[in-house]
Amino acid sequence: MKPRGPIGRFAAIVMSLGLVGVACSKGSGADQTGGAMTLLTFEGSLLPEAIKPFSDANPDLKLQATTFGTQDEAIAKLRSGFKADVVYACLTDTQRLVKDALVQPIDTSKITAWATLFPYFKDSSQIRVGDKVYMVPAFGGTTGLIYDPNQLPDGVTSFLQLMEDPALEGKVAIEDNAKYGIAMGALALGFDDPYDLTDADLAQIKSWYLDHASQIRAFYSSESDFFDLYQAGDVVAAFGYKGYDVGLAKQGASVAFAPASEGALTWTCGYSIGANAQNLDGAYALLDWFLTPQTQAVYATKLNQMATNRATLDSLPQSVTEEIGLADPAQLDTSIPTEVPDNYDRWQQVWQQITAG
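Residues numbered from 1 in each chain as written. Predicted model: local features only at pLDDT ≥ 70, side-chain atom pairs only at ≥ 80, totals over all residues. Heavy atoms only, no water.

A. Layout of the overall build of the protein. Across its full length, the protein carries 13 helices and 15 strands. Rg of the C-alpha trace for the protein: 21 Å, near the compact-globule value of 21 Å for 357 residues, within the 12% margin. Considering only C-alpha atoms, the protein reaches an extent of 65 × 40 × 35 Å along its principal axes. The buried share among the 357 residues of the protein stands at 56%. When contacts within the protein are restricted to residue pairs at least 6 apart in sequence, those whose partners lie at least 24 apart make up 78%. Carbon and sulfur atoms form 47% of the exposed surface of the protein, whose accessible area is close to 14600 Å². Charge separation in the protein, taken as the distance between the mean sites of 24 positive and 42 negative side-chain charges, equals 8 Å. (Helix = DSSP H or I, 4+ residues; strand = E, 2+ residues; numbered from the N terminus. Rg over C-alpha atoms; globule rule 2.2 N^0.38 Å. Buried < 20%, exposed > 50% of the residue type's maximum accessible area, 1.4 Å probe, protein only. Contact = heavy atoms within 4.5 Å. Areas by Shrake-Rupley, 256 points an atom, 1.4 Å probe, with all protein chains shown as cover. Lys, Arg positive; Asp, Glu negative; His and termini not counted. Charge placed at Lys NZ, Arg CZ, Asp CG, Glu CD.)

B. Molecular detail of the pairing of strand β4 (residues 86–90). With five of five residues buried, β4 lies mostly within the body of the structure. Residues of β4 alternate between two faces, with V86, Y88 and C90 on one and V87 and A89 on the opposite face, all of them buried. Strand direction decides the pairing type here: strand β2 (residues 35–42) and β4, joined by two bridges, are parallel. Counterpart to L39 in the pairing with β4 is V86. Pairing analysis gives five bridges linking β4 to strand β13 (residues 265–274), with the strands arranged antiparallel. Opposite V86, over in β13, you have I273 as the bridge partner. (Pairing = 2+ DSSP bridges.)

C. Molecular detail of the state of the cysteines. Applying the stated rule across the entire model yields one disulfide. Two residues share a disulfide in this structure: C90 and C269, whose sulfurs sit 1.9 Å from each other. Disulfide C90 to C269: torsion about the S-S bond roughly 90°, handedness right-handed. Highlighted residues: C90 in strand β4 and C269 in strand β13, separated in sequence by 179 residues. Residue class for C269 comes out buried when judged on its relative accessible area of 0%. (Disulfide = S-S within 2.5 Å.)

D. Quick look at helix α11 (residues 293–303). Taken residue by residue, α11 has T295, Q296, A297, V298, Y299, A300 and L303 as its buried positions. Those residues of α11 hidden inside the fold are in contact with α1 (48–57), β8 (136–147), α10 (280–290), β14 (306–307) and α12 (318–323). A positive backbone phi angle near 60° is found at N304, which sits one or two residues after α11.

E. The side chain of D85, seen in detail. Relative to the helices and strands, D85 is located in the loop between α2 (71–79) and β4. K83 provides the closest opposite charge to the buried, unpaired D85, separated from it by 11 Å. Separated by 2.8 Å, the side chain of D85 and the backbone nitrogen of T38 make a polar contact. Within the structure, the side chain of D85 is placed 2.8 Å from the backbone nitrogen of N279, a separation counted as a polar contact. The residues touching D85, leaving out its near neighbours within four places in the chain, are A36, M37, T38, S272, I273, G274, A277, Q278, N279 and A283. (Salt bridge = Lys/Arg side-chain N within 4 Å of Asp/Glu carboxyl O. Polar contact = N/O pair within 3.5 Å; in protein donor to acceptor, adjacent residues only side chain to side chain.)

Right, here's the structure in full:
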């Protein structure tokens, strides 16, 4: 998952949630949805600009929104018995949410925008277990290379260059995240599937990282951590995310983004329906709302997140479409969704050895 925003402890926010007619998936003349509904969501995704239209239109639907800082916190809360109608989730969480019976299948016929989602998101095997859909993708993003064009006028074009170009020695930052760091190494070394790695493959990737450890100035833990490193001039190139360049540019930094020649790793998050949901009408209406162009435009402009609904592009300025990485939507067809491999415990062990090395 790579949503943007601060990380904090659980907090509860009680508000009235209004659903505009389009969110009810029954047309503008639908009756208002009412009652109580609970949303368990990532803290950085709870934007007033996205929530207020609901409360303005439907004061009878009262939402208690409980936020979390990491997906592990959310799952721990659900496992402890917390009941939520709607749950913020990412592709990397689908399997464990279903395995622990924390979410229920979604009837996609009740999702108005389902037909206009980009096939990359709608057809993803990562939102499914078996033939059932368990997550509606609402946000996304792609990885690549962040660099300072003033320092590197020829740019950075590959993950391999990032780790092997002598001109970048001691000036590179890599995210401290095994799911991305090891997959990046696998792509740089030419592995076909960066999420299907044996112990021997992992050992090769570890050796490659350790052999080029002098390239890395820092392993960063968050967006703000990376921004501080970059703006201080400690790093001039990094593994990063589309949108980082936009945020840094708004702060006056010299910055550029380039897709890596080896391929783009992507993240996708959205919403699931809790296994013990009490307000299914409200839950489906809320899922619908997060896919409307009106709401997706908020996340695209405020958080530089990729829209999942093709119809949203019609409502966005071309500059924003470029900023979120959708100037050429066909690129999604060759992107690589981030996964949690079956041997992820081993991945984490190897990554700890890399970062300590």
